[in-house]
Amino acid sequence: MLLSVLSRIIPLFQQEYQYIGFGGLSFTDFKMFHRELHINQMFSIEYGYPKEKLEFNKPYSCIQIHPGRSIDELSKIDLTKPSIIWLDYDGCLNSDIFEDLEIIFNRIPHGSIYLMSCNRQMRNGDNQEYTKSELKEVFGPLVPWDIEDKCCVDSKAPYTIRRMLELDCINTIKDRNRMLEHRLKFEPIFNITYEEYRGARMFTYGGVVLNESFNEKLLHFEEFDFVGTPDPYKIEIPNLTYREAMALNQALNIEDEETLLISKKILKEEDIRKYKKCYKYLPNFYDVRI
Amino acid sequence: MNTNVIEGNPTKKFFIEMITRDISIEDAIVDLLDNSIDGANRINSAIYDGLWIKLTINDKEFSIEDNCGGFSLETAKKYAFRFGRPEDAPKMRNNTVGRFGIGMKRSLFKIGKHFSVESLCGSDHFLVDVNVEEWEKKTKTVTLPGEDTPTMIDDWSFNYHELDRGGALQNDGTLIKVTSLNPEVQDLFSDTRFISELAEDIQRLLNFSLLRGLQIYLNGTALEGKKVELLISDECMPYYDEGEVRDVKYKIVAGLGEIGEPKKSGWYIYCNDRLVVEADETTMTGWGLSSIPKWHVNHVMFRGILYLDSQETMNLPLTTTKKGIDTTSEIYKAILPRMKDAMINILDYLKKISLMGDQANSYRRMLCDTTERASAVELKSLSFAVNGEPLVHKNFISPPLDEDVIAQKKNTVRIAYDVNKSKANDAKHHAEASSYKELGSITFDYYLRMEDI
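Here's what I pulled together on the structure shown here. Note that the structure is predicted; figures quoted are calculated from it, not measured.

A word on the pattern of salt bridges
One side chain can pair with another of opposite charge once the charged atoms of both are near each other.
Argument step 1. Scanning the entire structure with this criterion turns up 36 salt bridges over all chains.
Argument step 2. Residue A:R273 is joined to A:E236 by a salt bridge in which the shortest nitrogen-to-oxygen separation is 3.7 Å. Placement of the pair is A:R273 in helix α10 (residues 269-278) and A:E236 in the loop between β8 (233-234) and α8 (242-251), with a sequence separation of 37 residues.
Argument step 3. Relative accessible area serves as the criterion here: at 38%, A:R273 is assigned to the partly exposed category.
Argument step 4. Classification of A:E236 as partly exposed rests on a relative accessible area of 24%.
Argument step 5. Note that B:D201 is salt-bridged to B:R204, the shortest N-O span being 3.2 Å. With B:D201 and B:R204 both in helix α7 (residues 192-205) and three residues apart, this pair spans about one turn of that helix.
Argument step 6. If you follow the salt bridges from partner to partner, you end up with A:D175, A:R178, B:E330, B:K333 and B:K340 in one network.

Structure, rendered in structure tokens:
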């Protein structure tokens, strides 16, 4: 999904991009963006592994390894160049995420894309949902003044995280504009919830920084139903076998054939609904014995 | 004749009361010093060698004398003794901080009921002598346009005498004397604590001028500039940013400073080299805004300096008392995000130091003891360059930290409890522990072993 949006946006701006992410040891996003988006300048920030190990595991020579914490390493990268930045945090929302955000939004130019992912649960040290006052204690002015009382219960948490992040993105750009000749604006794109394969409840948020005069309609996002949604867009992956997915592909949107799969008890109606929402973006994984 | 007129003019007495209400005596005196320094700037803005200001303060009299060029009769007539700067006043292209045309009069009214101002400036040599109570009552008769009968109105003018010979000044400069001190001023001027606080204020607020060679004497004693300093080395480089917003040049230098005095931590703001905000730890300078934490004792080493310079002083975001920044000004609002940007990495680094637990203080001290310093005056002219290319922006380079110590501290907790002393000594002896601390570790390990935890 991210890839499909990025490949729509990038050609519009006709500029060379750099990619900044947390590559870990697998560098999944780096491989994808290098091959699919032809990004040749890439920076991987990773904490907790020796530099030698990270260097050894990097799949392409164009990836520069920055061992360390994001707050330190982001300052060392020239973010005034057009950038795609995806910070896929391990933990839950914390103040470090906002510090990174502000470093980034104080620097990135027109056409740059910011993305972040984190665990969407908002809980205190005792694994209890934050109360409103605890939230204000931890995040201070980052919490909107009119936030509702039970804003951190699991069903509300992604709304709260989105509001807090969006507010900080917009305010940082607004402050920065005071010094800029060509003012910028922030256009939110991603607001997505999903479960990781290990069960972690994740949230991804992000958007693009544009010149104020740029007409965002040119981005033609209307065909993506997951872009710019006010409510978090929920990705639910149906649990289908390869054979079932192939059969469904052939029957897709042909009502009789879909009904047939249901009546034969091969698939449930629910599975088909979920599959239709995401099949275009699903990667294929195979177990291979090497 | 238009009779539907309600006069809105203030009385002089009300006017004096209003303009002097919000200024402290210290600030009134520093305002007068600013005027002298503005004169010094007109002579040579880079270096003030040979220029001096002498302040005499006692319970009878206040005087300030300088050899900083004086001001001409024309300046006196058009600006110095007028209330407020006329709209057609020439641009003040000499990097001063005086700008509202209110400073000198306000200071003099604040201090006493009788003042004289003597100025020698080239061929102009004159004296303005004012008895304030008489001046308050002074009126004149005028015939207003469209009226037949003359009307009596307040006379706001001051009289001057040209001094062909005589006068106290021998060189170009200014001599101001105030007598008939206001009662509260007389009380302060006879208090040595006030004099020593004033000396401190001048040494801090005017440190730029003092360090540039201007000599300021207070009751005969020469004052020295107090320094604001940052640690600077290859491993500890301040954040640096400079640019221009609407004819105001700004430069931000922020990093680490001395440990030990929490009152010195925070932001310092200089406007045309005059310190106007000192060690600020409030939201005014970004603390507690967005992701920036509120000031905490862990941030004691933080020092940030913002230099604002403009030839047109009206552009500077100064308050009228020069004791603060107009935070609603568009210029300051544009620069504040850069100051916050500077704070992010520095405060994060200071947070990491505090994670070193009981080793944090000795580490802070070691940093201070082993790192060179640079003063605010030096930092202003220091050019930050790489391979000879000047930089306009540079991130904070933090001294290396022992990440292992931090990681270890992060995963530990401290347990404390009180026990019977003689029993503790017995146990210590029995366990062959060299300290109570070691005994604590041994007994805790013992418990874990015995309980197979």
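From this point, the discussion proceeds with the structure in view.
Things to note about the nonpolar core
Argument step 1. In terms of nonpolar packing, the biggest core is built from 88 residues, with A:L93, A:L165, B:L256 and B:L308 touching the most fellow members.
Argument step 2. Here this core takes 14 residues from helix α9 (residues 330-354) of chain B, the largest share from any one element.
Argument step 3. Apart from residues lying up to four places away in sequence, B:L308 is in contact with B:V248, B:K249, B:Y250, B:I269, B:Y270, B:C271, B:N272, B:L316, B:P317, B:I325 and B:I335.
Argument step 4. Counting 70 residues, the second-largest nonpolar core is a separate cluster that includes B:V30, B:C68, B:V128 and B:V253.

A closer look at the environment of B:L181
Residues and elements named next belong to chain B.
Argument step 1. Residue position: L181 is located in strand β8 (residues 173-181).
Argument step 2. A residue is classified by how much of its surface remains accessible, and L181, at 10% relative accessible area, is buried.
Argument step 3. For the pair L181 and A360, spaced 179 residues apart in the sequence, the C-alpha separation amounts to 53 Å.
Argument step 4. In this structure L181 touches N58, D59, K60, E61, F62, I111, G112, Q186 and F189, once residues within four positions along its chain are discounted.

Examining the packing of helix α5 (residues 95-105) of chain A against α9(B)
Argument step 1. Axis separation between α5(A) and α9(B) bottoms out at 9 Å; the angle between their running directions is 145°. The hand of the α5(A)/α9(B) crossing is left-handed. Residues A:D96, A:E99, A:E102 and A:I103 of α5(A) form the contact with α9(B), whose own contacting residues are B:D341, B:I344, B:N345, B:D348 and B:K351.
Argument step 2. Per-class residue counts for the contact of α5(A) with α9(B) are two nonpolar, one polar and six charged.

Things to note about the sheet that holds strand β6 (residues 184-195) of chain A
Residue and element names in this part refer to chain A.
Argument step 1. Read across the sheet, eight strands follow the order β3-β2-β1-β4-β5-β7-β6-β8 without closing on themselves; strand pairing throughout is mixed. Edge positions in the sheet fall to β3 (63-67) and β8, since each of these pairs with one other strand and no more.
Argument step 2. Of the pairings in the sheet, the one linking strand β5 (residues 113-119) to strand β7 (residues 201-211) comprises seven bridges and is antiparallel in character. Across the sheet, the residue bridging to M116 is Y205, located in β7.
Argument step 3. Running at roughly 160° to β6, helix α7 (residues 157-177) makes contact with β5, β6 and β7 of the sheet.

What counts, and at which threshold
Residues numbered from 1 in each chain as written. Chains lettered and ligands numbered in written order. Predicted model: local features only at pLDDT ≥ 70, side-chain atom pairs only at ≥ 80, totals over all residues. Heavy atoms only, no water. Salt bridge = Lys/Arg side-chain N within 4 Å of Asp/Glu carboxyl O. Helix = DSSP H or I, 4+ residues; strand = E, 2+ residues; numbered from the N terminus. Buried < 20%, exposed > 50% of the residue type's maximum accessible area, 1.4 Å probe, protein only. Core = buried A, V, L, I, M, F, W, Y, C linked by side-chain atoms within 4.5 Å. Contact = heavy atoms within 4.5 Å. Axes fitted to C-alpha atoms, helices over the stretch in contact; angles between N-to-C directions. Left-handed = near helix turned anticlockwise from the far one by under 90°. Nonpolar A, V, L, I, M, F, W, Y, C, P; charged D, E, K, R; others polar. Pairing = 2+ DSSP bridges.

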